[in-house]
Amino acid sequence: MTICVGNSYQVTQEDLKQVFAYAVKSLIVPTDRETEKIRGFAFVEMVEVPQEDAAISKGWGV
């Protein structure tokens, strides 16, 4: 399962990896095609499903 998380427009992939510790399997931070600015959300896939469920229950994902 991949969860969508809201973030600020200044958050980097490294920032999100720190928040989710080393449980991240994949991480995508979409950027605007024209401006290349971060769009304010990210997609995070965790190594194990229980870690994803825990992140969602903490309010980190939608």
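The following refers to the structure shown. Per-chain numbering applies: the sequence of each chain, read as written, is numbered from 1 onward. Note on the predicted model: pLDDT of at least 70 is required for a residue's local features to be given, and 80 or more for side-chain atom pairs to be given and counted; whole-chain, interface and lining totals, by contrast, use all residues. Hydrogen atoms and water are omitted, and side-chain values are computed over all heavy atoms in the structure.

1. So, the overall build of the protein
Then comes step 1: Put simply, DSSP marks the helices as runs of H or I at least four residues long and the strands as runs of E at least two long, and each gets a number from the N terminus on. The secondary structure content of the protein amounts to 2 helices and 3 strands.
Then comes step 2: Starting at the N terminus and ending at the C terminus, the protein contains elements arranged as β-α-β-β-α.
Then comes step 3: Whereas a compact globule of 62 residues would reach a radius of gyration of roughly 11 Å, the protein reaches 11 Å, a difference of no more than 12%.
Then comes step 4: Expressed as lengths along the three principal axes of its C-alpha atoms, the size of the protein is roughly 35 × 20 × 15 Å.
Then comes step 5: For every residue, the accessible area obtained with a 1.4 Å probe (protein chains only) is divided by the maximum for its type, and the residue is called buried under 20%, exposed over 50%, and partly exposed between those limits. Out of the 62 residues in the protein, the part that is buried amounts to 29%.
Then comes step 6: For the protein, the computed accessible surface area is about 4400 Å², with 52% contributed by carbon and sulfur atoms. Both definitions apply: the radius of gyration is a C-alpha atom measure, and the globule rule equals 2.2 Å times residues to the power 0.38. Residue-level accessible areas treat just the shown protein chains as cover; the underlying method is Shrake-Rupley with a 1.4 Å probe.

2. Here's the deal with unusual backbone geometry
Then comes step 1: Positive phi, normally seen in glycine, also occurs at Glu36, with a value near 65°.
Then comes step 2: Note that Glu36 resides in the loop between β2 (24-28) and β3 (41-46).
Then comes step 3: On the basis of relative accessibility, which here comes to 64%, the residue Glu36 falls in the exposed class.

3. Remarks on the nonpolar core
Across soluble globular proteins, nonpolar side chains have a tendency to be buried as a group.
Then comes step 1: Counting residues in each nonpolar core, the largest one holds 13 residues, and the members touching the most others are Val5, Leu16, Phe20, Leu27, Ala42, Val44 and Met46.
Then comes step 2: Among the secondary structure elements, those contributing two or more residues to this core are β1 (2-6), β2 and β3.
Then comes step 3: If one sorts the elements of this core by residue count, β3 sits on top with 3 residues. In these notes, a set of buried Ala, Val, Leu, Ile, Met, Phe, Trp, Tyr and Cys residues joined through side-chain atoms within 4.5 Å is what counts as a nonpolar core.

4. Focus: the packing of aromatic side chains
Then comes step 1: Think of it this way: a Phe, Tyr or Trp ring, Trp meaning its six-membered ring, pairs with another when their centres are within 6.5 Å, and the plane angle makes it stacked under 30 degrees, edge-to-face over 60, tilted otherwise. All chains considered together, the criterion is met by 1 aromatic pair.
Then comes step 2: Residues Phe41 and Phe43 carry aromatic rings whose centres are separated by 5.6 Å and whose planes lie at 85° to one another, so their mutual orientation is edge-to-face.
Then comes step 3: Judged by its relative accessible area of 21%, Phe41 falls in the partly exposed class.

5. A look at the environment of Lys37
Then comes step 1: Here Lys37 is to be found in the loop between β2 and β3.
Then comes step 2: Sequence separation of Lys37 and Gln13 is 24 residues, and the distance between their C-alpha atoms is 13 Å.
Then comes step 3: Sequence-distant contacts of Lys37, defined by excluding residues within four places in its chain, comprise Pro30, Thr31 and Asp32. The criterion used for residue contact is that any of the two residues' heavy atoms lie within 4.5 Å.

6. Let's talk about the sheet that holds β2
Then comes step 1: Two strands pair under a simple rule: DSSP has to find at least two bridges between them. Across the sheet, 3 strands lie side by side as β1-β3-β2; this open sheet has antiparallel pairing. Bordering the open sheet on either side are β1 and β2, each of which pairs with just one other strand. Ignoring which end each strand starts from, the neighbouring axes of this sheet average 25° apart.
Then comes step 2: Structural elements are reduced to axes, namely lines fitted to C-alpha atoms, with helices fitted over the stretch in contact, and the angle between N-to-C directions of any two is expressed from 0 to 180 degrees. Against the sheet, helix α2 (residues 49-57) contacts β1 and β3, and its axis sits at roughly 145° relative to β3.

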